Amino acid sequence: MSINSVLENNCLRANPEFLLEPKYNLEEIKSNIQIKEKSFEELCKKTFQMYKAEEVVLSFNGGKDSTVVLHMLARFFQKDHNLKHLKILALFITDPDGFSEIDEFVNDCSKLYNIELIKMEGTIKQALERMCRERPLIRAVFMGSRRTDPHCQDLKTMQPTDPGWPPLMRINPILEWTCRDIWQYIYVYDVAYCILYQKGFTSIGNKKNTKPNPYLQVAEAQTGRVVNYRHAHELLDNDNLERAGRV
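Rules and cut-offs
- Residues numbered from 1 in each chain as written.
- Predicted model: local features only at pLDDT ≥ 70, side-chain atom pairs only at ≥ 80, totals over all residues.
- Heavy atoms only, no water.
- UniProt positions renumbered as here; feature names shortened; annotations may be inferred.
- Helix = DSSP H or I, 4+ residues; strand = E, 2+ residues; numbered from the N terminus.
- Buried < 20%, exposed > 50% of the residue type's maximum accessible area, 1.4 Å probe, protein only.
- Polar contact = N/O pair within 3.5 Å; in protein donor to acceptor, adjacent residues only side chain to side chain.
- Contact = heavy atoms within 4.5 Å.
- Disulfide = S-S within 2.5 Å.
- Axes fitted to C-alpha atoms, helices over the stretch in contact; angles between N-to-C directions.
- Parallel < 35°, antiparallel > 145°, perpendicular 65-115°, else oblique.
- Salt bridge = Lys/Arg side-chain N within 4 Å of Asp/Glu carboxyl O.
- Expected span 1.5 Å × (residues − 1).

The name an unreviewed UniProt entry assigns to the chain is FAD synthase, from the organism Glossina pallidipes. Check the Catalytic activity (unreviewed entry) section of the UniProt entry for the chain; it says "FMN + ATP + H(+) = FAD + diphosphate". Check the Pathway (unreviewed entry) section of the UniProt entry for the chain; it says "Cofactor biosynthesis; FAD biosynthesis; FAD from FMN: step 1/1."

Shown next as structure tokens:
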């Protein structure tokens, strides 16, 4: 199955008209994405010179950022004759309060991208500790972190975990990407993504700490009653508001 195949229930394909706003040129957008892809490929080459495929895992939470990393990683595996027959290891941390849409999307992605999905419970630290105990070969982890995420302001592209955490090399290929970069990549490559983004979610945690972004509300003119939410991509150039739905 192609990595660009459509997932049926809990993912969407983006409307390419989004890319055709008058102030943006489609060729310029594609060129920008290609530059970022080249940077990603160079980082991958460096990573897989340092580590074997079985020593590297992707931290995958079903969100748009880690989905882009997964898509790029899958493309890299397909191009590399040493990797194309191997499965990508992906860690998914389960949450009893998680969204069913995320759970189903992650499960669908495990088939779409032919990944080996490692499911772990607990906090991020607990999950990594258990993973390292059960899979001691793993030494590095690809992350979907971006500079605007909490605690990522001083993060480097490759950086060991902090003291007290399992000893892993963190690899952050989209650290300098903006929200616009993420959606443009999704639209250029027609990447399937979780349906929650169509419902106004812009940063997804769990049901207790995540709501649709209030800046995407659609309200009745007379009563002010919220009747709907606009798509997450409408908050493109406001990275500082991306987590406004997190509590």
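S.K.: Tell me what's going on with the side chain of K64, and back it up with residues and numbers.
M.R.: Along the chain, K64 turns up in helix 2 (residues 64-79). Among the residues examined, K64 registers a relative accessible area of 3% and is labelled buried. Within polar-contact distance, the side chain of K64 engages the side chain of E242 at 2.4 Å. In this view, K64 contacts R146, C179, I182, W183, I186, Y197, T202 and E242; residues no more than four positions away in its chain are not counted.

S.K.: Give a description of the environment of D95 that names residues and reports values.
M.R.: Looking at where D95 falls in the secondary structure, it is placed in the loop between strand 3 (88-93) and helix 3 (100-112). For D95, a relative accessible area of 31% gives the class partly exposed. Remark: the alpha-carbon pair of D95 and K208, spanning 113 residues in sequence, is separated by 11 Å. A distance of 2.9 Å separates a polar atom in the side chain of D95 from a polar atom in the side chain of N206.

S.K.: Can you lay out the UniProt feature "domain: Phosphoadenosine phosphosulphate reductase" (unreviewed entry) in the chain for me, pointing to particular residues and giving the numbers?
M.R.: The residues that UniProt annotates with the feature "domain: Phosphoadenosine phosphosulphate reductase" (unreviewed entry) are residues 56-212. Between the C-alpha atoms that bound residues 56-212 there is a distance of 33 Å. The span itself is 32% helix and 17% strand.

S.K.: I'd like to hear about the state of the cysteines, residue by residue, with values.
M.R.: What the rule picks out here adds up to 0 disulfides. Here C132 is not cross-linked by a disulfide; its sulfur's nearest cysteine counterpart is in C152, at 19 Å. A relative accessible area of 18% places C132 in the buried class.

S.K.: How would you explain the packing of helix 1 (residues 26-50) against helix 5 (residues 179-188) if you had to name every residue and give the values?
M.R.: Where helix 1 contacts helix 5, the axes come no closer than 10 Å and their chain directions differ by 105°. On the basis of the axis angle, helix 1 is roughly perpendicular to helix 5. Counting all contacts with helix 1, which are made through I29, K30, N32, I33, K36 and E37, the residues of helix 5 involved are D181, Q184, Y185 and V188.

S.K.: Mind laying out the pattern of salt bridges, listing which residues take part and the relevant values?
M.R.: One pass over the structure, following the stated rule, counts 19 salt bridges. Residues R230 and E234 are paired through a salt bridge, measuring 2.7 Å at the closest nitrogen-oxygen approach. Given the relative accessible area of 30%, R230 is considered partly exposed. Of the residues examined, E234 reaches a relative accessible area of 44% and is grouped as partly exposed. Counted as one network, the salt bridges with shared partners bring together K64, D65, R146, D239 and E242.

S.K.: Would you mind going over helix 5 in detail, with residue names and values included?
M.R.: Extensive coverage of helix 5 is indicated by the burial of 9 of its 10 residues. All of the buried residues along helix 5 are C179, R180, D181, I182, W183, Q184, Y185, I186 and Y187. If you follow the buried residues of helix 5, they end up packed against helix 1, helix 2 and strand 8 (193-194). Note on helix 5: the residue one or two positions beyond its end, D190, has a positive phi of about 55°.

S.K.: Talk me through helix 1; I want residue IDs and the actual numbers.
M.R.: Relative to the 36 Å expected for 25 residues at 1.5 Å per residue, helix 1 spans 36 Å between its end C-alpha atoms, a close match to the ideal helical length. Every buried residue belonging to helix 1 is among I29, I33, K36, E37, F40, L43, C44, T47 and F48, and all of these are buried. Where the residues of helix 1 are buried, they touch strand 2 (56-59), helix 2, strand 5 (140-142), strand 6 (158-160), strand 7 (169-171) and helix 5.

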